[in-house]
Amino acid sequence: MKKYLFFTIVTVFVMTLTVTSCSDEFVDRSPAYSIDSENYFNSKDDYDKALVAAYDLLQSSYVNVLLGEIASDNTLAGGESPTDVIGFQQIDDMIHTPVNSNLRDLWNWMFAGVQRANYILEFKDKTDFSGKNQIIAEARFLRAYYQFELVKWFGGIPMKGDARFKVGDEKTIKRATIQEVYASIEADLIYASANLAAVPSQKGRATKGAAQALLGKAYLYQNKYTQAASTLESLITSNTYSLVTDYNSIFEEAGENNAESVFEVQYTDIEGAGFGCLQCSEGNVAVGFNGIRNYSGSVFSPGFSFNVPTKEAANAFEIGDRRKDVAILDIEAWATSTSATFGKGNEHTGYFNRKYLPRKRSANAAGDLNLTNPNNYRAIRYADVLLMAAEAYSRGGIDDAKARLYLNQVRRRAFGDTNHDITASGAALTDFILAERRVELLGEGHRFFDLVRTGKAAGKIPGFTAGKNELFPLPIEEIQFSNGNWQQNPGY
């Protein structure tokens, strides 16, 4: 059984104790003791519980991963039919509008994460105790993580500092600029890097390395190559992480939270879930959505056949690249070799995202098995850190030799030799690094944003309109609630 931080929602109840007198003349019915959101945080345990609640929203980021692939040139929406989860289909075809329930979920869930982190930070000075800096640093890491997701999907967002949003704020607080959001993210991650432990007290908690990696990524997304290279170099030379030898093992249960894992979102199948509250699932919902339709056979369990890799993505792997069979399952070849059977869904390509396919389950799994898969999401891997550092050194014109060193570390694992090392320099080296990011991280939700931030999306993603589709629209409800205070993103 996995042993890690379980992300469960914390609800603070208002508790009252009524004291009555034996006398008929006087009955004191006023509450003698009350805990509500404004007089909480009276002990370390209170902060711990609120922090677990802030972590909880990480599990709902499964939709971010799905759509990060579907929106790109890596996969098609798939599903049962062209209208199955219409929001996915629209994003795949780049015809999405502000009326899209899946984008609304992403906005709502990531903002809920910010709100929960801000709850802790609003009361950060209320009670002192040993180890408080660690809790505040984790809260700031989480706020940065959620804000990073929001800014890369939607651009500028409203921010309120270390305070929760209240009803009515949407009509008075403007959307911050993208630069202002990144400034907040940087400040949080610099603090987190300085105050987080290098080794987590529980699996799943943020660490110094996770904060450094996310900070380096935030710099890279802003084309701050010098800062990105310096930050990621510091992480690399700390020797805290390393590439595991067997690439295939990373995505199996035994490979969770391994030496390559810089930050993982933890999932479990011990608590059931239903379609009425997907964000309530303690399991990885994306895995069931990726699953093979009507599958019967060994190793895997069936699913809904969304997020199917394209033939072009499968062909992006070089001959001899051992990552291909880990990233992509050729269902026809698999069925022939194992006598498995399967059904064909919408936009069937013959390929599935093998990294995040549902595996066979224990008899103790609860709820809808399509929604409670225990597969962790490897949010930041060390291979990603190496490739981000390589990109920063290359695109920044800082050190091509360092860029080749880190790129070739990743390639040597992929091919099992040094015969495939890259020797290029300059712009050609950058192209090799970006191509390597695609095949190393295929199926992990990064591709759309890599294409956007490098200016290559319009030439790669069918239907992509430059000047519009770099960002997604704010949900129509948010525009309406703001009563004109928030402007919609261009083109929507």
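You'll find the structure just up there.
Residues numbered from 1 in each chain as written. Predicted model: local features only at pLDDT ≥ 70, side-chain atom pairs only at ≥ 80, totals over all residues. Heavy atoms only, no water.

**Student:** Quick question: what am I supposed to make of the overall build of the protein chain here?
**Tutor:** In terms of helices and strands, the protein chain carries 18 helices and 8 strands. Taking 23 Å as the expected radius of gyration for a compact globule of 492 residues, we find that the protein chain reaches 23 Å, a close match to that expectation. For the protein chain, the C-alpha atoms occupy an extent of roughly 90 × 50 × 45 Å along the three principal directions. Here the protein chain holds 492 residues, and the buried ones make up 57% of them. Counting contacts in the protein chain only where the partners sit at least 6 residues apart, residues at least 24 apart contribute 71% of the total. Summed over all atoms, the accessible surface of the protein chain reaches about 19700 Å², with 53% contributed by carbon and sulfur. The distance from the centre of the 50 positive side-chain charges to the centre of the 59 negative ones in the protein chain is 3 Å. (Helix = DSSP H or I, 4+ residues; strand = E, 2+ residues; numbered from the N terminus. Rg over C-alpha atoms; globule rule 2.2 N^0.38 Å. Buried < 20%, exposed > 50% of the residue type's maximum accessible area, 1.4 Å probe, protein only. Contact = heavy atoms within 4.5 Å. Areas by Shrake-Rupley, 256 points an atom, 1.4 Å probe, with all protein chains shown as cover. Lys, Arg positive; Asp, Glu negative; His and termini not counted. Charge placed at Lys NZ, Arg CZ, Asp CG, Glu CD.)

**Student:** Sorry if this is basic, but what is going on with the pattern of salt bridges here?
**Tutor:** Taken as a whole and judged by the stated rule, the model has 39 salt bridges. A salt bridge links Asp-73 to Arg-438; its shortest N-O distance comes to 3.6 Å. Residue Asp-73 is found in the loop between α2 (62-70) and β1 (75-78), and its partner Arg-438 is found in helix α15 (residues 426-441); the two are separated by 365 residues along the sequence. A relative accessible area of 8% means that Asp-73 is categorised as buried. Of the charged contacts, one joins Arg-323 and Asp-321 as a salt bridge, the two residues approaching to 2.8 Å between their closest N and O atoms. Each member of the pair, Arg-323 as well as Asp-321, is classed as buried. In the salt-bridge network here, residues are joined through shared partners; they are Glu-260, Glu-318, Asp-321, Arg-323, Lys-355, Arg-381, Arg-411, Arg-413, Glu-436, Glu-440 and Glu-444. (Salt bridge = Lys/Arg side-chain N within 4 Å of Asp/Glu carboxyl O.)

**Student:** Help me out: how do you make sense of empty space enclosed by the protein in this one?
**Tutor:** Gaps left between atoms are located by rolling a probe of water-molecule size over the structure's atoms. Applying the stated criterion across every chain yields a total of 3 cavities of 30 Å³ or more. Here the largest cavity is characterised by a volume of approximately 170 Å³. Secondary-structure elements contributing two or more residues to the lining of the largest cavity are α2, α5 (132-154), α7 (208-221) and β8 (377-381). When residues of the lining of the largest cavity are assigned to their parent elements, the largest contribution, 5 residues, is made by α5. Of the residues contributing to the lining of the largest cavity, the split by class is 9 nonpolar, 4 polar and 4 charged. Of the volumes computed, that of the second largest cavity is approximately 80 Å³. Looking at the lining of the second largest cavity, the elements with two or more residues in it are α2 and α9 (285-290). (1 Å grid on protein atoms, 1.4 Å probe; cavity = no way out; pocket = protein on both sides within 12 Å on 5 of 7 lines; lining within 4 Å. Points joined across faces, edges and corners; volume = space filled by probe spheres on them. Nonpolar A, V, L, I, M, F, W, Y, C, P; charged D, E, K, R; others polar.)

**Student:** What is the right way to look at the state of the cysteines in this model?
**Tutor:** Working definition of a disulfide: a covalent bond connecting the sulfur atoms of two cysteines. According to the stated counting rule, one finds 1 disulfide in the structure shown. Note on cysteine connectivity: Cys-277 is disulfide-linked to Cys-280, with sulfurs 1.7 Å apart. Handedness here is read from the sign of the S-S torsion; for Cys-277 and Cys-280, about 55°, the answer is right-handed. Taking relative accessible area as the criterion, Cys-277 reaches 23% and is therefore assigned partly exposed. (Disulfide = S-S within 2.5 Å.)

**Student:** Mind showing me how you'd approach unusual backbone geometry here?
**Tutor:** Positioned with a positive phi, Phe-41 is a non-glycine residue whose angle comes to about 60°. Tracing the backbone through its elements, the reader meets Phe-41 in the segment before α1 (44-56). Note on Phe-41: relative accessible area 0%, which makes it buried. Backbone geometry at Met-94 places phi at a positive 60°, although glycine is not the residue there.

**Student:** Just to check I follow, could you spell out helix α8 (residues 225-237) for this structure?
**Tutor:** Since one α-helical turn is 3.6 residues long, residues separated by three or four positions face the same way. Given a rise of 1.5 Å per residue, 13 residues ought to cover 18 Å, and the 18 Å separating the end C-alpha atoms of α8 matches this to within 8%. Those residues of α8 that sit buried are Tyr-225, Ala-228, Ala-229, Thr-231, Leu-232, Glu-233, Leu-235 and Ile-236. Structurally, α8 contributes buried residues whose contacts are with α7, α13 (382-395) and α14 (400-415). One or two residues past the end of α8 sits Asn-239, with phi positive at roughly 60°. (Expected span 1.5 Å × (residues − 1).)

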